[in-house]
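Analysis of the macromolecular model
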Amino acid sequence: MAEKMDLVPSQRSPAGEAAARSTILQTPLWKVRLQLAWRGFKSNAALFAENKIGLIGLAVIVMFALMAAAYPILINTVWDPNIYDPIIGYDFTQVEQPAPPSPAHLLGTDPLGRDVLSQLMYSAASEFALGVVAALVTVIVATTVGAVSAYFGGAIDTIFMRLADIIIMMPFVTVLIVLSVLFEIRMLHLALIIGILAGFGGDAIVIKSQALTIKVRAYIEAARIAGGSDAHIIFRHIVPNLLPISFLYMMFTVTSAIFSEAVLSFFGLLNIRMSWGLMIHTTSTAGYLLDLQKWWLIFPASIAITMLCAAFYLVGRALDEVVNPRLRKR
Amino acid sequence: MRNYLIKRLAQNVLTFFLFLTIVYFVMDAQPGDFADIYLSNPRLTAEQRQALRASMGLDQPVYVRYVLWLRDFFQGDLGISFSNYPRPVLDVIAERAPRTLTLFLTSTLVSFYLGFSAGKVLAWRRGGLLEYVATVGGVTLYTVFTPWFGLMMIWIFAYSLRLFPLGKFVDPVLWQSAPVDANYVFVRMLLTALISSVLLFIWLLATQKLDPITKRRTRWIGYIVLLAGIVGYWAFFTSGAAIYALDILRHLILPVMTLALISFAGTMLLTRNSMLETLREDYILTAHAKGLPEKVVRDRHAARNAMLPVVTSLVFALAFALDGGVITETIFSWPGMGLTLLNAAQLEDIPMVIGGLVFTGTLALTAHLAADILYAYLDPRIRYS
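Residues numbered from 1 in each chain as written. Chains lettered and ligands numbered in written order. Predicted model: local features only at pLDDT ≥ 70, side-chain atom pairs only at ≥ 80, totals over all residues. Heavy atoms only, no water.

Section: the overall build of chain A
A tally of helices and strands in chain A yields 14 helices and zero strands. Reading the secondary structure of chain A in the N-to-C direction produces α-α-α-α-α-α-α-α-α-α-α-α-α-α. Taken over C-alpha atoms, the radius of gyration comes to 26 Å for chain A, far larger than the 20 Å a tight globule of 330 residues would show. With respect to the principal axes defined by its C-alpha atoms, chain A has extents near 90 × 50 × 40 Å. Burial status across chain A gives 50% buried among its 330 residues. With 23 positive and 21 negative side-chain charges, chain A shows a separation of 14 Å between the mean positions of the two kinds. (Helix = DSSP H or I, 4+ residues; strand = E, 2+ residues; numbered from the N terminus. Rg over C-alpha atoms; globule rule 2.2 N^0.38 Å. Buried < 20%, exposed > 50% of the residue type's maximum accessible area, 1.4 Å probe, protein only. Lys, Arg positive; Asp, Glu negative; His and termini not counted. Charge placed at Lys NZ, Arg CZ, Asp CG, Glu CD.)

Remarks on the overall build of chain B
Looking only at helices and strands, chain B features 16 helices and zero strands. Across its three principal axes, chain B shows a C-alpha extent of roughly 90 × 55 × 45 Å. Split into buried and exposed, the 385 residues of chain B put 45% on the buried side. For chain B, contacts bridging at least 24 residues in sequence account for 76% of all contacts bridging at least 6. Roughly 20400 Å² of accessible area belongs to chain B as shown, and the carbon and sulfur atoms make up 67% of that amount. (Contact = heavy atoms within 4.5 Å. Areas by Shrake-Rupley, 256 points an atom, 1.4 Å probe, with all protein chains shown as cover.)

Regarding a nonpolar patch on the surface
Residue and element names in this part refer to chain B. Taken together, the side chains of M1, L5, F201, L205, I373, L374 and Y377 make up a nonpolar region of the molecular surface, amounting to roughly 560 Å² of accessible area. When contributions to the nonpolar patch are tallied by element, the ones reaching two or more residues are α9 (182-206) and α15 (350-378). For Y377, a relative accessible area of 31% puts it in the partly exposed group. (Patch = residues over 30% accessible without salt bridge, like charges linked within 9 Å, V, L, I, M, F, W, Y side chains within 5 Å. Salt bridge = Lys/Arg side-chain N within 4 Å of Asp/Glu carboxyl O.)

Digging into the pattern of salt bridges
All names here are of chain A. Per the counting criterion, the structure on display carries 13 salt bridges over all chains. R114 serves as the salt-bridge partner of D110, at 3.2 Å between the closest nitrogen and oxygen. In this pair, the class of D110 matches that of R114, namely buried. Salt-bridge contacts for E184 lead to R186; the nearest nitrogen and oxygen are separated by 3.4 Å. Taking the relative accessible area as the measure of exposure, E184 reaches 49% and is therefore partly exposed.

A closer look at the environment of B:L68
Looking at where B:L68 falls in the secondary structure, it is placed in helix α4 (residues 62-74). On a C-alpha basis, the gap between B:L68 and B:G57 in space is 9.5 Å, while along the polypeptide they are eleven residues apart.

Considerations on empty space enclosed by the protein
Residues and elements named next belong to chain B. Applying the stated criterion to the full structure yields seven cavities of 30 Å³ or more. Looking at the largest cavity, its volume works out to about 150 Å³. Along its surface, the largest cavity is lined by 18 residues, and T100, L322, V326, E329 and G338 are the ones closest to its centre. Counting residues per element, the ones that place at least two in the lining of the largest cavity are α5 (89-124), α13 (294-331), α14 (337-346) and α15. For the lining of the largest cavity, the element with the highest residue contribution is α13, accounting for five residues. Looking at the lining of the largest cavity residue by residue, the classes come out as ten nonpolar, seven polar and one charged. The computed volume of the second largest cavity comes to approximately 100 Å³. For the lining of the second largest cavity, the per-class residue count stands at seven nonpolar, five polar and no charged. (1 Å grid on protein atoms, 1.4 Å probe; cavity = no way out; pocket = protein on both sides within 12 Å on 5 of 7 lines; lining within 4 Å. Points joined across faces, edges and corners; volume = space filled by probe spheres on them. Nonpolar A, V, L, I, M, F, W, Y, C, P; charged D, E, K, R; others polar.)

Examining the interface of chain A and chain B
Accessible area lost upon the coming together of the parts serves often as the stated size of an interface. Each partner contributes to the interface: chain A provides 45 residues, whereas chain B provides 52 residues. Contact between chain A and chain B buries roughly 4700 Å² in total, counting both sides, with carbon and sulfur atoms accounting for 77%. Along the contact surface separating chain A from chain B lie zero salt bridges. For the pair chain A and chain B, the number of links is five residue pairs in polar contact (both at pLDDT 80 or more). Secondary-structure elements contributing two or more residues to the side of chain A that touches chain B are α4 (52-76), α7 (154-169), α8 (172-182), α12 (230-266) and α14 (299-323) of chain A. (Buried area = accessible area lost by both parts, 1.4 Å probe. Polar contact = N/O pair within 3.5 Å; in protein donor to acceptor, adjacent residues only side chain to side chain.)

Considerations on the side chain of B:T340
Residues and elements named next belong to chain B. Mapped onto the elements, T340 comes out in helix α14. Judged by its relative accessible area of 4%, T340 falls in the buried class. Of the polar contacts made by the side chain of T340, one reaches the backbone oxygen of G336; its length is 2.7 Å. Once you skip the residues sitting within four places of it in the chain, T340 turns out to touch V92, R96 and M352.

Some details on α7(A)
Across its 16 residues, α7(A) extends 23 Å between first and last C-alpha, which sits within 8% of the 22 Å expected from 1.5 Å per residue. On the buried face of α7(A), the contacting elements are α6 (116-152), α9 (187-200) and α10 (202-215) of chain A together with α1 (2-28), α13 and α15 of chain B. (Expected span 1.5 Å × (residues − 1).)

As for the confidence of the model for chain B
Low-pLDDT stretches of the model should not have their predicted coordinates read in fine detail. For chain B, the mean per-residue pLDDT works out to 85, and 98% of the residues sit at or above 70. The complex prediction reports pTM at 0.85, with the ipTM value standing at 0.84. (pLDDT = per-residue confidence, 0-100.)

Concerning the environment of B:W69
All names here are of chain B. Positionally, W69 belongs in helix α4. As for W69 and G324, which are separated by 255 residues in sequence, their C-alpha atoms are 30 Å apart. Contacts of W69, omitting those with residues within four sequence positions, involve L20, V23, Y24, M27 and I354.

Looking at the side chain of B:H368
Turning to its location among the elements, B:H368 is positioned in helix α15. By relative accessible area, B:H368 is classed as buried at 11%.

Here's the deal with the nonpolar core
One recurring pattern in soluble globular proteins is that nonpolar side chains are buried together. One finds A:I238, A:W276, B:F145 and B:V185 to be the most contacted residues of the largest nonpolar core, which totals 161 residues. Per element, the largest residue contribution to this core is 17 residues, and it comes from α12(A). Once residues lying within four places of it in the same chain are set aside, the contact partners of B:V185 are B:W175, B:V180, B:W234, B:A241, B:Y244, B:A245 and B:I248. Among the nonpolar cores identified, the runner-up in size contains 16 residues, and B:F116, B:A123, B:M275 and B:A306 belong to it. (Core = buried A, V, L, I, M, F, W, Y, C linked by side-chain atoms within 4.5 Å.)

As structure tokens, this is what we get:
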């Protein structure tokens, strides 16, 4: 940008150019951008922290992240892999499986003799990965679809909005159940499917209406007059202004992804090695689903699913107050 | 209004066709073939397989097969269910659909009413502990792991307190000597609910223009007459099915409570947000200045206008309710379409799964249309545009 401000750069000597540049900008451009971003982040964080509920959600997410990070440490140091492996471990020192909680197994063992706490921690990492991949795919798809259909309008707009109508209308889990019968679904496939369905669905409509309000602003017209191509305007002007609201909907996609995966693996329709829903499915197939004396088989996994989904939803709602000023208390 | 309705209906028909097309092409995209399931006999030679495949019409190009499938669909032939062989898919759907419809309609109404009232009250008293508790509690209920929540409800209410039955929809001992079958009772229950809500709606419209005191009296007379009519019909004209209907209602309470509790929070939070925006309008200030009681300002001025975005969101909530219905039917062993879909999925019974999907899609489309009509009725700007 500093170069473009010089009217006739070829007429200056190298020393003259350096002198000209130094009078225009003291600090390098990347440093200025970084400082502006940091200031914006701090004010948004202050707005976020005003609502204690968002902080509770964030605390829960950090707790689960720590759990996920602690698993590799524990399995490599304190825990014996033959006993504590979440998928192929077996504790032969216990007389009866599933064993109740004890000092050796803080949350007991499941009907196949595997430690419940280690399963919980191992799955936390894969749930986060699932959520993040699904959310990223949704953000990419929804932002692109919303921006393109708002910018071009006409037939493209109609097609995408009709598609979105069909997708919102259909119950999510039912569609996933049907897809799991027709195709074999693993964790990564599930994340991609959830991301694509959510991206073309309701999120696209909201982002498109936001993009419509951006499209009519003065700087878009200025960019077009200056000769910006369609792609340039969409990806350099419209999309960066859509990112706050996309980031918000990312949170809700993570909730939906974790919940759908848990429900599908509870029904036994997925091909994955270990997840919270699968822990409850193991309980169900072993016949202990209604046996509430053995609470450690069902409660830890269900409470973990509930807490993580609720945490992301609460963070999403708190972000909603940051992004949408009308909801703030003032 | 008529133009709007015709336009929406035409759009719905188009969407339905689009939906069927997508369903067919997804079904066709599965690796392998229908023939692989029918022809799993290892003693068939390759030529015999080819001949059987041709006789099933599987060697034709995809658009020919699609047209044939559509033709069969509109003649009512959805195939034969593998897991319920030799019953046709449509037969199974016709048997189980009324049960799902009863559960779905009842729980949607209860959850909407609960969410709307809770959100209304919550927005009126802003701030303080109540808001935090309601938000966190509502969100936790919304995101709770549904199978676990259903199990907890069964344990608390059905097992420990013995208030309600443990599951299923009929009590076998009571029904052993029943003169009618379950669908007879279900269909009559649904018709009673439908006709009485239409009559109630007409009655409310007809008594709108009266003055307040006469209106209240006339309306109450109408309610009592309607109630007497329902009781009289069930007592005398249904050949003794009243006690069986009561049994079904008793089995319905716990699933409806579970479904309503998990879906009311969405409506509650949205109503609260919508009310907060409505409370800033000038007419609320005018209503206060006129000296109207708090309840009147809250219900007849603020909530009426705040209801519009909530009804729009009903479309999202319907999909969530249908999902919740599948899971609740599984936990409570309520033998409706959701449980059928799940069993078919676990047994890889593809015709039944496609039939379940089409049923769910049709239900979702119809509910979407009903929500649009309700929205058009509530918002005069749409009616007269």
